Amino acid sequence: MIPTYDEGWHEDAVVYSLDVKTFNDSDGDGWGDFQGVIDRLDYLDELGVDCLWLRPFYPSPLRDNGYDVADYRGVDDRLGTLADFQELCERAHDRDIRILTDLVFNHTSSDHEWFQRAREDPDSEYHDYYLWTDDLEGAYETINIFPDREDGVWTYDEAAGKHYFHQFYHFQPDLNVANPAVQEEIFDVLRFWIDQGADGFRIDAAHPMQQAKGHHGHRLDDPMGLFKEMRRVVRDEQGDAVLLAEADDQPENLGHYFGDGEAFDLLFNFVLNVHLTYGVGVKDTWPLYRANEILPDIEGFGQWATFLRNHDEWNLLKLPNETIDHAREYFGDEEGDSWIFGRGHRLRLADMYDADHDRIAMAHSLLLSLPGTPVLLSGDEIGMGADLSLPERESVRTPMQWDDSENGGFSSADPADLYNPVVDEGRFSYEHVNVADQRDDPDSLLSRVQRLVHAHHDHPVINDGEYTIVDSGHKDVFVHRIDHEGTALMCVHNFADEYREPVVGFEVPDVATEKVVGTGGYHVEDGGVTFLLDPCDYVWLEADL
Ligand code: NOJ
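Owing to the predicted nature of the structure, the values given are computational and were not obtained by experimental measurement.

Chemist: Mind showing me how you'd approach the overall build of the protein chain here?
Modeler: What the protein chain contains, in helices and strands, is 17 helices and 22 strands. For 545 residues, the compact-globule estimate of 2.2 N^0.38 gives 24 Å, and the protein chain sits close to it at 23 Å. Along the longest, intermediate and shortest principal axes, the C-alpha atoms of the protein chain span 80 × 50 × 50 Å. Out of the 545 residues in the protein chain, the part that is buried amounts to 62%. In the protein chain, of all internal contacts separated by at least 6 residues, the share reaching a separation of at least 24 is 68%. Summing over all exposed atoms, the protein chain offers an accessible surface of approximately 20,400 Å²; the carbon and sulfur share of this is 42%. On the protein chain, the mean spot of the 40 positive side-chain charges and the mean spot of the 114 negative ones are 2 Å from each other.

Chemist: Just to check I follow, could you spell out the sheet that holds strand 17 (residues 487–494) for this structure?
Modeler: Sheet strands associate in pairs through backbone hydrogen bonding, adopting either a parallel or an antiparallel arrangement. Taken in spatial order, the five strands of this open sheet run 15-16-17-22-19, and their pairing is antiparallel. Looking at the sheet topology across the chains shown, the edges are occupied by strand 15 (466–470) and strand 19 (513–518). Neighbour-to-neighbour, the strand axes of the sheet open up by a mean angle of 20°, direction not taken into account. Where strand 17 and strand 22 (residues 538–544) come together, seven bridges link them in antiparallel fashion. In the strand pairing of strand 22, A488 is matched with A543.

Chemist: What is the right way to look at the packing of aromatic side chains in this model?
Modeler: Under the counting rule described, the total for this entry stands at 38 aromatic pairs. When the ring of F34 is compared with that of F57, the centres are 5.2 Å apart and the planes differ by 80°; the resulting orientation is edge-to-face. Placement of F34 in helix 2 (residues 34–39) and of F57 in the loop between strand 2 (51–54) and helix 4 (82–94) is noted, with a sequence separation of 23 residues between them. In terms of burial, F34 and F57 fall into one category: buried. By way of ring pairs, the aromatic residues F34, F57, Y58, F85, F192 and W193 are connected into one cluster. Sitting over the ring of W402, R40 keeps its end group 3.9 Å from the ring centre. For R78, the ring lying beneath its charged end belongs to W31, and the centroid distance is 4.0 Å.

Parameters and conventions
Residues numbered from 1 in each chain as written. Predicted model: local features only at pLDDT ≥ 70, side-chain atom pairs only at ≥ 80, totals over all residues. Heavy atoms only, no water. Helix = DSSP H or I, 4+ residues; strand = E, 2+ residues; numbered from the N terminus. Rg over C-alpha atoms; globule rule 2.2 N^0.38 Å. Buried < 20%, exposed > 50% of the residue type's maximum accessible area, 1.4 Å probe, protein only. Contact = heavy atoms within 4.5 Å. Areas by Shrake-Rupley, 256 points an atom, 1.4 Å probe, with all protein chains shown as cover. Lys, Arg positive; Asp, Glu negative; His and termini not counted. Charge placed at Lys NZ, Arg CZ, Asp CG, Glu CD. Pairing = 2+ DSSP bridges. Axes fitted to C-alpha atoms, helices over the stretch in contact; angles between N-to-C directions. Phe/Tyr/Trp six-rings, centres within 6.5 Å; stacked < 30°, edge-to-face > 60°. Lys NZ or Arg CZ within 6 Å of the ring centre and 35° of its normal.

Remember, this is a structural readout, not a statement about activity or role.
Laid out in structure tokens, this is it:
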């Protein structure tokens, strides 16, 4: 069954990001698989999410977790078959859950057949799929995105006898996206996955895609033109398919990605991410005011995809310089081992908030009450922690912790055969942090996140109304309000470790006010509302004006 046609579905959706490899292993080989995800659809449905973003599952040497794609039209056979992917889409659609897949067009794996043919034969049509130089001295230079892992953006290839250009790891040669033949390949790949059942795509590295590239440092003449064409292609296949951009660009450039409503439908809000997660962690609301000031107004032509953490490092670069230094110290582990790429922490939310479920729940309450399409990271809803003994960003990519049986219920394989080990030591071990323990406990983090997801769905006003920040009179209490057609949603969050009693103006009679969700108390009188807030309390109030 195909979900009900709805061009605006993504505006009210809650997205759940997962890696098939680490979510649930149905056949006991130590790797998660599509059937494993199908087996857990009940869980996802209950949580209330209505869209899954599946991280790359294509054949890949997995030197960058699958973001090094070796074949755009296949499925890594340890994860299942193409038929299994189709079945997952169908089963998810039966529940009105949509599927976004992750497509990486900035680069391929160096194992991709295109690159192999390109390097072996300079006359092959594939040679111009990539960017080469035989004059390194005269070639365009720029900073590699993984600066402490790679020396630069050019690597010598023996077979070709030339250097090729790469903005990420050396095993990820950049595609020449200005080449019309490459663009045709991109369009075909998009069509292919829509035909298999996908409802849209997260487009990886949309910012590097349109950066200067190659020997002459050429930019696409009309970068938004390419993205608009990509959107046209997917919409021709499925009228309500969406494109979500991963583009961690400067705030002043972000508005362009929507192409006046004709390019990306959604864009990850990296600016809000770092300010929100930092502010909640340091118990101060100024970062949220700052994010609001520096973000462009996108009303009427696009929507943010908002998030607390993702599967990469927590990148701090959008904070002011002195704040980056503070965040490095404040959130880092004692050995400084969590710091990576000179810009962020390879930690999960629970590490950063010292395993405090009240604070994690409050951060989710903010995420789900602010305008945007919230994107949850699998495992954050139960408070999973990182494993810093794993290399680089693999620390935050350990298997989902389902229960307290061996391997956390993720797999029946020998622990040595798991794709990544489960967290089995310390306070974040699967014995202490797992779905089964939290599922039936109404006070658990999981239950609180679930209530918040449902509250978000019940209040489309969050994305339809007018958003304002309200002065709470306390630097550690954040109040925002959303007004729409005679109703107001007033949300308050106490970041402090102490009790707070903010009073804010609210011109409504007490009887017209209803508590939607939250842990704190309130009373309405004399044109104002007084909130009674223990540490990390939050309240959403709804009122008819
Ligand atoms: C962003 C992805 O989220 C990250 O994991 C990857 O390394 C880069 N893009 C390169 O594809």
